Amino acid sequence: MFSFADTPVKFVGLLLLFAWCAAWCGYELTRPQDVRQRVSNVLHLAMAVVMLLMVAPATWTMLTAVVPTFGLAAVFALATGWFCWLAVASRRAPGGRGWLHFAGHATMFAAMTWHLSAMGAMAAAMSHGRGAGSVMDMGSGGMGSGGMADPSAPGGTMWLFALVGLPLMAYLLASSVRSLWQATRPVDPAVAAVSCPCGPGCDCGPECSCYATHARAASREPELVAAGLAAPPVRVEAPVVSTQTCHEVRPVGSRPFRLESLAGFAMNFGMFWMSTGLLVPILPFFTALAF
């Protein structure tokens, strides 16, 4: 949780990032999709909304009054399992494409689970510290005297959470950079030449709507050639959905592709920026990111 008085840039920046992310996740739910994709997009929207409410103390207090922090952590742990299952199922499917997409989302939801669990542990430590007459500083993660061990010291509770969070935070940062790169990629000329985002010679198989269009065109070609007519140029429609991702297929460089990439950046970088305070026990210089 943050305040405009203490960290104005971070407060406003996180609100903007998560508001855009929530808006895009809501848009994704309006697109054609199958049941798995709809469940995945509902989970993405839920995470975006929870992160948005987590920024300001007032909205976070209202949310945790309905669902406690550890309850939210349990929900996102189940969501992590959902994406792990999708990654395994995609890996075993013919072609094995898409498993990295779902594995990345599983890691992102694992980071959310870690963040909420750390917040719950910190709140519990604060409550225990107050009961023992000691004072805990949320900003630094430290605990004052009073006969209690410092949870941010090596081996302490918050130090262990920071250690677990290192690889998760590394993924969030790397994924943020990749999303920005994706948003700036130029339009692929090969893809722009046809309406099918899969590009020329689409071989995506029966799960893609391109396949049916190609099949119809191929079935008519012998008939037209026998009649002395030229076969019509194949112009395939963009596939409605792809079972290999959480969303419909989007040509690289198209406006929806860029907006989707920017939403991915907002979610991953926003979560990274929000979570930097949890790594202070191991990386104290992260305090410089709160401004």
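Definitions and cut-offs
- The residue numbers shown here count from 1 along each chain, following its written sequence.
- Reporting in this predicted model follows two pLDDT cut-offs: at least 70 for local features of residues, and 80 or more for side-chain atom pairs to be given and counted; totals over whole chains, interfaces and linings ignore these cut-offs and use all residues.
- Water and hydrogen atoms play no part in the side-chain values, which are based on all heavy atoms of the structure.
- Only DSSP runs of H or I reaching four residues or more are called helices, and only runs of E reaching two or more are called strands; each is numbered from the N terminus.
- Note on contacts: a residue pair is in contact if any heavy atoms of the two residues lie within 4.5 Å.
- We get accessible surface area from the Shrake-Rupley algorithm with a probe of 1.4 Å; when it comes to residues, only the shown protein chains can shield them.
- Planes of paired rings set the category: under 30 degrees apart is stacked, over 60 is edge-to-face and the rest tilted, where pairs are Phe, Tyr or Trp rings (Trp by its six-membered ring) whose centres lie within 6.5 Å.
- Under the scheme applied here, a residue whose accessible area is under 20% of the maximum for its type counts as buried, over 50% as exposed, and between as partly exposed, the area being computed with a 1.4 Å probe on protein chains only.
- Within this scheme, the nonpolar core is defined by two criteria: the residues are buried Ala, Val, Leu, Ile, Met, Phe, Trp, Tyr or Cys, and they are joined through side-chain atoms within 4.5 Å.
- By convention in these notes, a salt bridge is any Lys or Arg side-chain nitrogen within 4 Å of a carboxyl oxygen on Asp or Glu.
- The length a helix should cover is 1.5 Å for every residue beyond the first.
- What is called the bend at a residue is the angle between a pair of axes, fitted to the seven residues leading up to and ending at it and to the seven starting from it.

A. The arrangement of the overall build of the protein chain in detail. Broken down by element type, the protein chain carries nine helices and two strands. Mapped in sequence order, the helices and strands of the protein chain form the string α-α-α-α-α-β-β-α-α-α-α. In the protein chain, of all internal contacts separated by at least 6 residues, the share reaching a separation of at least 24 is 68%. Counting only carbon and sulfur atoms, one obtains 69% of the accessible surface of the protein chain, whose full area is about 14500 Å².

B. Broad picture of the packing of aromatic side chains. Inspection of the entire model under this criterion finds 12 aromatic pairs. Seen in terms of ring centroids, Trp20 and Trp24 are 5.8 Å apart; in terms of plane orientation they differ by 45°. Their pairing is tilted. One end of the pair, Trp20, and the other, Trp24, are both in helix H1 (residues 8-28), four residues apart, so they sit about a helical turn from each other. Residue classification places Trp20 among the partly exposed positions, given a relative accessible area of 31%. An angle of 45° between the planes, with centres 6.1 Å apart, marks the rings of Trp273 and Phe291 as tilted. Of the two residues, Trp273 is situated in helix H9 (residues 255-275) and Phe291 in the segment after H9; the sequence distance between them amounts to 18 residues. Note on Trp273: relative accessible area 10%, which makes it buried. What makes Phe291 partly exposed here is its relative accessible area of 41%. In textbook terms, an aromatic cluster arises when at least three aromatic residues are bridged by ring pairs, as seen for Phe265, Phe269, Phe272, Trp273, Phe285, Phe286 and Phe291.

C. Seen up close, the nonpolar core. Judged by nonpolar contacts, the single largest core of 54 residues is most densely connected at Met47 and Met112. Secondary structure elements with two or more residues in this core: H1, helix H2 (35-55), helix H3 (57-66), helix H4 (69-92), helix H5 (99-131), helix H6 (157-183) and H9. Among the elements that line this core, the one with the most residues is H5, at 12 residues. Discounting residues that sit within four places of it in the chain, Met47 has contacts with Phe76, Met108, Phe109, Met112, Met267 and Met271.

D. Region of the structure containing the pattern of salt bridges. Here the structure, examined in full by the defined rule, presents four salt bridges. With its nearest N and O atoms 2.8 Å apart, the salt bridge here joins Arg31 to Glu248. Here Glu248 lies in the loop between helix H8 (209-226) and H9 and Arg31 lies in the loop between H1 and H2, a separation of 217 residues in the sequence. Residue Glu248 is classed as buried on the basis of its relative accessible area of 9%. The partner of Glu248 in a salt bridge is Arg250, and the shortest N-O contact between them spans 3.3 Å. Several salt bridges share partner residues, and in doing so they unite Glu28, Arg31, Glu248, Arg250 and Glu260 into one network.

E. Examining H6 more closely. Here H6 spans 38 Å end to end across 27 residues, near enough to the 39 Å set by a 1.5 Å rise per residue. The largest bend along H6 reaches roughly 40° and is located at Leu166, with the proline Pro167 sitting one to four residues downstream. Every buried residue of H6 is listed here: Met158, Ala162, Gly165, Leu168, Met169, Leu172, Ser175, Ser176, Ser179, Gln182 and Ala183.

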